[in-house]
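One letter stands for each residue in the lines below.
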Amino acid sequence: MRVGLGPQTLLAFVVFLAVLASGPVRAATPSLDLDVELDPGTRTFRAVALIAPAARELRFDLHESLRVTAASADGKPVRVVPARGEGPVRAWHVQLPAGAARLRLEYGGTLPALDRSLDDRRVLRALPPMASNEGSFLPAPCAWYPQPAPLFTYRVTVSVPGDQRALVPGRLQSEVLPPDGSGRYRASFDFSHPATGIDLMAGPWVIREKFMPRANGGPVRVRTYFPQELDAVAGLADGYLDDTRRYLELYGGQIGAYPFTEFSVVASPLPTGFGMPTLTYMGAEVLKLPFIRATSLGHEVLHGWWGNGVYVDYPTGNWSEGLTTFMADYAYKERESAQAARDMRLRWLRDFAAVPAGHDESLASFRSRTHGAAATVGYGKAAMLFVMLRDAIGEDAFGRGIRTFWDQHRFQTASWSDLQAAFDKAAGRSLATFFDQWLNRPGGPLVKVVDANAKAEGGKVRLTLTVEQAVPAYALRLPLEIVFSDRSETRSIDIGRQRDVITVDVDAIPDGVRLDPDLRVWRVLDAEELPPILRRWVISRAPRLAQASGEGDVREAAAGLAQRFFEIPPQAVSQDGLNQGTEPILLVGLHADVDASLAHAGLPPRPVRLAGRGSAQVWTVVRGADPPVAVVSAKDADSLRALLGPLPHYGAESWLVFEGRRALERGVWPAPGRVIAVQTVR
Ligand SMILES: [Zn+2]
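Figured I'd write up the structure that's included with this text. (Residues numbered from 1 in each chain as written. Predicted model: local features only at pLDDT ≥ 70, side-chain atom pairs only at ≥ 80, totals over all residues. Heavy atoms only, no water.)

## Comments concerning the coordination of the zinc ion
Six octahedral donors around a metal ideally sit at 90 or 180 degrees from one another, while four tetrahedral donors ideally sit at 109.5 degrees. Binding of the zinc ion to the protein goes through H299 (NE2), H303 (NE2), E321 (OE) and E321 (OE), at separations of 2.1 to 2.7 Å. We note that the donor set of the zinc ion lies within a single chain, spaced as H-x3-H-x17-E. One end of the pair, H299, is in helix α4 (residues 296-302); the other, E321, is in helix α5 (residues 320-336), with 22 residues separating them in the sequence. As far as burial versus exposure is concerned, H299 and E321 are alike and both buried. (Donors = N, O, S within 2.8 Å, 3.2 Å for Na, K, Ca; no water. Helix = DSSP H or I, 4+ residues; strand = E, 2+ residues; numbered from the N terminus. Buried < 20%, exposed > 50% of the residue type's maximum accessible area, 1.4 Å probe, protein only.)

Here it is as structure tokens:
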């Protein structure tokens, strides 16, 4: 196909300056200058692109809804040829005449409408460009612009109708606000670091702005782009502006100065949660949730350093989600309390324990969130790697490693081995074994104390432990809790073989020992370290039902509930069966009957925190080798029937209080793990 001659260049070409205050930008970085006109109501998109390519031959992609209508090089027409292709993204090809410095393309089309079913971060790569008055989103991977190279700098001017606002990541250079909503809104952005892509967003937003003063590099412009109804929520926009400034300050201190001049919180009509350079694009519904400012906002701000400040070398694995989760989500839990941090580590390990055998991948093979098992590794295991790394090299060396990594790699692509090099340097030793075992091996170690004995020797006590693990063995430093009759103390032991014999000197005969009770090591938990949550019953391959009540109506409701609750139909057992066998049992009945059954079987009574509350109570009981029992206790048959719909959805809980169908309160019992008894030898 031939394309016509375009009019003379309308836009001044932006000469890219090689020397910039920050960032190792080279003069050869290709640049792109875009002038975009978007009309969300009609979904009309028109753009003029000026490209300074790195080579005479340029191939670029464009979304199938867009076509090139004119092309020229230094004012002379050139042929731009679309490759025959399938799929939503089409390849185009152009050969520039010798000596041509820049290519000018006019292109445009009608964009697809906003599709609310495309709502999850998992499908970002597959999202088409979308336009509507409620909001428009043109993500980089959909190819809404001709990208000159994998890394490039850009300037974008975007124009939308006067009741809309629009932005792309970058420094805001100029902005024209129409005086009365008529006319057009126009804003220009400049991204002078090498970028990997451009996302464009527009919406019917109110803009609010505050500045964060900064010692170097001038103030940071902090903005919210919220639709009217969100902006009208008292204190919401202000809260986001203030919290964003707080996070920018926090991470600037920990890592190095924030590398951009802006950060915007932008509301999306889709329930997304994207972190982009200089902004986060989050669902308007999500932004209303009270905990988002305390968690996700900090996570997204931190991506300004990890992911958008240092880029991920995807073929060798995505380190950025783990490091961001560790320094944001996990750090906030640590600040809350030691227990809250332990709960988060437990959740990672519990999720890992639930990954079916053979479905876990190595951390090095994690690219981005695709499904549950990958997220367990890419977020949980990766964050735990940093917990273990900091434990191993100490807080100071860890902080130095973080700053070194930032200094050496900002605005470049970096890999796990670059991270390792920075931490090697900070720790003053090679961490190759550590990184290799956690990055390249799937799964985790399964460690057991198989023997523990203590011997008194001349005023001292020598504790000897035999610790076993599966082969190939991991090199681990494991916390060891030594439990005495009146106290306990924690030591560290180093293991690295299939079977290690460790001796520890203590000053009294201990009662027992417990490995890693605080869950500081990524490993396969044993059953007693996993909190007894309802899922254990739901997925049982041989579930059992014990009826506590005699009334036909109640028994019928209980049987119906058990059918829905278990994945496979349960076998009925008598109340005496509560202490027989090993497979999980569901005990169901009215309050008084349940209390009598528990007493009869010698089981712990109804937990105090549940007693007398709601119309039904559910809790789990786990006792050593005896079968685990989940109890459903209701005030009448109707209250049991009300649980049919909701109960199967609460597999992640240990206990719940229901009022009718509604869960009033729920939670997870602690699982302290097993204390291995210490034998005394003479
Ligand atoms: Zn993230």
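Here the narrative resumes.
## So, the nonpolar core
Counting residues in each nonpolar core, the largest one holds 157 residues, and the members touching the most others are Y107, W144 and W306. The element that contributes the greatest number of residues to this core is helix α7 (residues 372-393), accounting for ten residues. Not counting the four nearest positions on each side in its chain, W144 is found in contact with L34, V36, F45, L62, L66, Y107, L138, P139, I198, D199 and L200. Core analysis: the next-biggest nonpolar cluster, separate from the first, contains 27 residues, V538, A558, A630 and L640 among them. (Core = buried A, V, L, I, M, F, W, Y, C linked by side-chain atoms within 4.5 Å. Contact = heavy atoms within 4.5 Å.)

## Thoughts on the pairing of strand β30 (residues 585-590)
Of all six residues making up β30, six are buried, and the element is well covered by its neighbours. Here strand β28 (residues 544-547) runs beside β30; their pairing, made up of four bridges, is parallel. For Q547, the partnering residue across the bridge sits in β30 and is V588. Pairing geometry for β30 and strand β32 (residues 629-634), over six bridges, is parallel. Counted as the bridge partner of G589 is S633 from β32. (Pairing = 2+ DSSP bridges.)

## Notes on helix α9 (residues 416-427)
With twelve residues, α9 should reach 16 Å at 1.5 Å per residue; the first-to-last C-alpha distance of 16 Å fits that figure. Every buried residue of α9 is listed here: W416, L419, Q420, A422, F423, D424 and A426. At the C-terminal side of α9, G428 shows a positive phi close to 75 degrees. (Expected span 1.5 Å × (residues − 1).)

## A word on the sheet that holds strand β9 (residues 136-138)
Working definition: the strands of a sheet are paired by backbone hydrogen bonds and lie parallel or antiparallel to each other. Taken in spatial order, the three strands make up an open sheet running β9-β14-β11, and their pairing is antiparallel. The open sheet is flanked by β9 and β11 (165-167), the only strands paired with a single partner. The sheet shows a mean angle of 10 degrees between the axes of neighbouring strands, taken without regard to direction. Sheet topology places β9 next to strand β14 (residues 200-203); three bridges connect them, and they run antiparallel. Along β14, the bridge assignment pairs F137 with M201. (Axes fitted to C-alpha atoms, helices over the stretch in contact; angles between N-to-C directions.)

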